[in-house]
Amino acid sequence: MTYTSPLLKRPGAVEGGAPDTGVAAHYGNPVKEQRALEAGKGAVDLSHYSVVTITGEDRLSWLTTLSSQQLTGLQPGESSELLLLDISGRIEQAPAVTDDGETTWLITESSHGPLLASWLDSMKFMLRVEITDRSAEYAVIGSTRPLPEGVSVMVSHWEDPWPRLAPGAASYAQVDDDAHPGLDWHWHLNVIPRENLEAAVATLEEQGWQLAGSQAAEALRIAAWRPRLAREVDDKAIPHELDLIRTAVHLSKGCYKGQETVARVHNLGHPPRRLVFLHLDGTEHTLPTPGAQVLAPTDATDTAALAGERPVGVVTSAARHHEAGPIALALVKRKVDPAQQLVVRDVLTSAGDAEPADGPEPVADAEPVADTGAETQQQTVFYAAAQEVIVRPDAGQAVGRPQGNFVRRPR
């Protein structure tokens, strides 16, 4: 079920696209909203997120057996995250998880909530657990610090552990832990009754807070190198590629689906791809769209050659940061030279002579679509991109043995 936030009725509100359909991308001033959010005085409407609860005595030990995370000792009020993998170790679910002593709360993307609840319900067997999709009852507000007391009847609160190493975890990052840009990322998901959403925001505004759109949260997330399920995870993604071993995987826990791939890649091999942070050329008036191709050309200035260059990766997220300018996350092949100057190639489709939504048309090699009567045209746009290594190319192979192909999809 898709929820449309009542906050979209506010003057200036612009609805976000997938995966943030149903909530505002911004409310008319994205830069101001982003600065307020970063300063701890902004709240983000995430009421499209899904909320799933698990009750029963066996809930934490049961989740431990199903997932990549050790949750048996999770104390009331503590926050964690887990991964549910397929048999080949590819990521299927990555919910935030917290427990209040009686109920385990799972918060995830709107696109993943119904399937998460359904799959968990199918795995109950004879255990003392009850799974309920509570998305119709509860809404989520995002913030960079906990909401002040008295804002609403908050039923659950999750604090993102990123990027601090969890017990049993390992870092795949190029930088030392004390230099990780995610140390400036303080992210909270606050679960409140859905009927209280507008009143909660009004109370925050009375206390000097500002309502911020999803674009503000995305810019800060990308700057913190924080992967997102609906953006960085595709049908091939394994935890190692995204540095999710640091917060979502316990390397010493018992058996779970996908564990063999997790262990073999970590101990014997290397992930086939690696997440990178991109500083994009700011001369364009647009941002690359998720799925735009990443190139590693010999000559980044030869546009004719760039048009036929084979891609080495894809952009997964892009945003305009209020200080750093246009930035992005991308997944590239592991063997791409970390010092290589990259280029992002994107194809924009527009109707007639209309300008793109984010500004005027960029200077690019524009080629009209073949005359079929449709008033559309395509533009191939190139963005110079300086890469900053997130997952180091030599990550994995913890026991120093020869690499093998451990992520081949079974026939």
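Scroll up for the structure.
Scoring rules and cut-offs
- Residues numbered from 1 in each chain as written.
- Predicted model: local features only at pLDDT ≥ 70, side-chain atom pairs only at ≥ 80, totals over all residues.
- Heavy atoms only, no water.
- Buried < 20%, exposed > 50% of the residue type's maximum accessible area, 1.4 Å probe, protein only.
- Helix = DSSP H or I, 4+ residues; strand = E, 2+ residues; numbered from the N terminus.
- Core = buried A, V, L, I, M, F, W, Y, C linked by side-chain atoms within 4.5 Å.
- Contact = heavy atoms within 4.5 Å.
- Pairing = 2+ DSSP bridges.
- Axes fitted to C-alpha atoms, helices over the stretch in contact; angles between N-to-C directions.
- Phe/Tyr/Trp six-rings, centres within 6.5 Å; stacked < 30°, edge-to-face > 60°.
- 1 Å grid on protein atoms, 1.4 Å probe; cavity = no way out; pocket = protein on both sides within 12 Å on 5 of 7 lines; lining within 4 Å.
- Points joined across faces, edges and corners; volume = space filled by probe spheres on them.
- Nonpolar A, V, L, I, M, F, W, Y, C, P; charged D, E, K, R; others polar.
- Salt bridge = Lys/Arg side-chain N within 4 Å of Asp/Glu carboxyl O.
- Parallel < 35°, antiparallel > 145°, perpendicular 65-115°, else oblique.
- Left-handed = near helix turned anticlockwise from the far one by under 90°.

Focus on helix α5 (residues 214-223)
Moving on, step 1. Most of α5 is tucked away, with 8 of its 10 residues classed as buried.
Moving on, step 2. All buried positions along α5 are accounted for by Ser214, Ala216, Ala217, Glu218, Ala219, Leu220, Arg221 and Ile222.
Moving on, step 3. Tryptophan 225 sits one or two residues past α5 and shows a positive phi near 65°.

Considering the nonpolar core
Moving on, step 1. Formed by 49 residues in total, the largest nonpolar core has its most connected members in Leu37, Leu83, Ile91, Ile107, Val140, Trp187 and Leu189.
Moving on, step 2. Within the residue set of this core, elements represented by two or more residues are β9 (103-108), β11 (138-143), β13 (188-193), α5, α7 (245-248), β15 (273-280) and β18 (325-333).
Moving on, step 3. Sequence-distant contacts of leucine 83, defined by excluding residues within four places in its chain, comprise Ser67, Ser68, Ile91, Gln93, Ala94, Pro239, Leu244, Ala248 and Val249.

Side note on the sheet that holds strand β12 (residues 156-159)
Moving on, step 1. Overall, mixed pairing links the 5 strands, which are arranged β12-β13-β11-β3-β14 in an open sheet. In this open sheet, the two edge strands, each paired with only one partner strand, are β12 and β14 (210-212). The sheet shows a mean angle of 30° between the axes of neighbouring strands, direction not considered.
Moving on, step 2. Looking at chain direction, β11 and β13 are connected through 6 bridges and run antiparallel. Bridge assignment links serine 143 to a residue of β13, and that residue is histidine 188.
Moving on, step 3. Packed on one face of the sheet, helix α4 (residues 197-206) meets β3 (42-45), β11, β13 and β14 and runs near 125° to β13.

Focus on the sheet that holds β9
Moving on, step 1. The strand order across the open sheet built from 5 strands is β5-β8-β9-β4-β10, with neighbouring strands paired in antiparallel fashion. In this open sheet, the two strands that pair with only one neighbour each are β5 (79-81) and β10 (130-133). For this sheet the average axis-to-axis angle between neighbouring strands, irrespective of direction, equals 25°.
Moving on, step 2. Here β5 pairs with strand β8 (residues 96-99) via 3 bridges, running antiparallel. For glutamate 81, the partnering residue across the bridge sits in β8 and is alanine 96.

Some points on the packing of aromatic side chains
Moving on, step 1. The tally for this structure, following the rule as stated, stands at 2 aromatic pairs.
Moving on, step 2. With 5.4 Å between their ring centres and 75° between their planes, tryptophan 105 and tyrosine 138 make a pair best called edge-to-face. Here the residue tryptophan 105 occupies a position in strand β9, and tyrosine 138 occupies one in strand β11, the gap between them amounting to 33 residues. Each member of the pair, tryptophan 105 as well as tyrosine 138, carries the same accessibility label: buried.

A closer look at empty space enclosed by the protein
Moving on, step 1. Scanning the entire structure with this criterion turns up 2 cavities of 30 Å³ or more.
Moving on, step 2. The volume enclosed by the largest cavity comes to roughly 440 Å³.
Moving on, step 3. Broken down by element, the lining of the largest cavity gets its largest block of residues, 4 residues, from α5.
Moving on, step 4. When grouped by side-chain class, the residues that make up the lining of the largest cavity number 16 nonpolar, 2 polar and 8 charged.

With respect to the pattern of salt bridges
Moving on, step 1. The full count for this structure, using the stated rule, is 20 salt bridges.
Moving on, step 2. A salt bridge links arginine 10 to glutamate 205; the shortest N-O distance between them is 2.5 Å. Placement of arginine 10 in the segment before β1 (14-15) and of glutamate 205 in helix α4 is noted, with a sequence separation of 195 residues between them.
Moving on, step 3. The partner of arginine 228 in a salt bridge is glutamate 218, and the shortest N-O contact between them spans 3.2 Å. A residue pair is termed long-range when its members are at least 10 positions apart, and arginine 228 in the loop between α5 and α6 (229-232) and glutamate 218 in helix α5 qualify at 10 residues. The exposure classification of arginine 228 matches that of glutamate 218, with both residues buried.
Moving on, step 4. Here the salt bridges share partners, and the residues they tie into one network are Asp20, Glu109, Glu218, Arg221, Arg228 and Glu232.

Things to note about unusual backbone geometry
Moving on, step 1. Following alanine 18, the chain continues into proline 19 via a peptide bond in cis, with omega recorded as 10°.
Moving on, step 2. For proline 19, the position within the fold is in the loop between β1 and β2 (24-26).
Moving on, step 3. Of note, the bond from tryptophan 162 into proline 163 is cis; its omega dihedral lies within 30 degrees of zero at 0°.
Moving on, step 4. One non-glycine residue with positive phi stands out, namely phenylalanine 125, at about 55°.

Focus on the side chain of arginine 228
Moving on, step 1. Judged by its relative accessible area of 7%, arginine 228 is buried.
Moving on, step 2. Once you skip the residues sitting within four places of it in the chain, arginine 228 turns out to touch Pro19, Asp20, His48, Tyr49, Glu109, Glu218, Arg221 and Val233.

Thoughts on the pairing of β12
Moving on, step 1. Side chains of β12 alternate between two faces, with Ser156 and Trp158 buried and His157 and Glu159 left unburied.
Moving on, step 2. As defined by bridge partners, β12 adjoins β13 across 4 bridges and the pair is classed as antiparallel. Across the sheet, residue histidine 157 finds its bridge partner in β13, namely asparagine 190.

Concerning the environment of arginine 334
Moving on, step 1. Examined against the element boundaries, arginine 334 turns out to sit in the loop between β18 and β19 (341-351).
Moving on, step 2. With a relative accessible area of 14%, arginine 334 lands in the buried category.

A word on the packing of helix α1 (residues 30-38) against α5
When two helices pack together, their arrangement is given by the angle between their axes and by how far apart the axes lie.
Moving on, step 1. In the contact formed by α1 and α5, the axes pass within 8 Å of each other and the chain directions differ by 60°. By the angle between their directions, the pair α1 and α5 is classed as oblique. Where α1 crosses over α5, the handedness of that crossing is right-handed. Contact residues: Pro30, Glu33, Gln34, Leu37 and Glu38 in α1; Gln215, Ala216, Ala217, Ala219 and Leu220 in α5.

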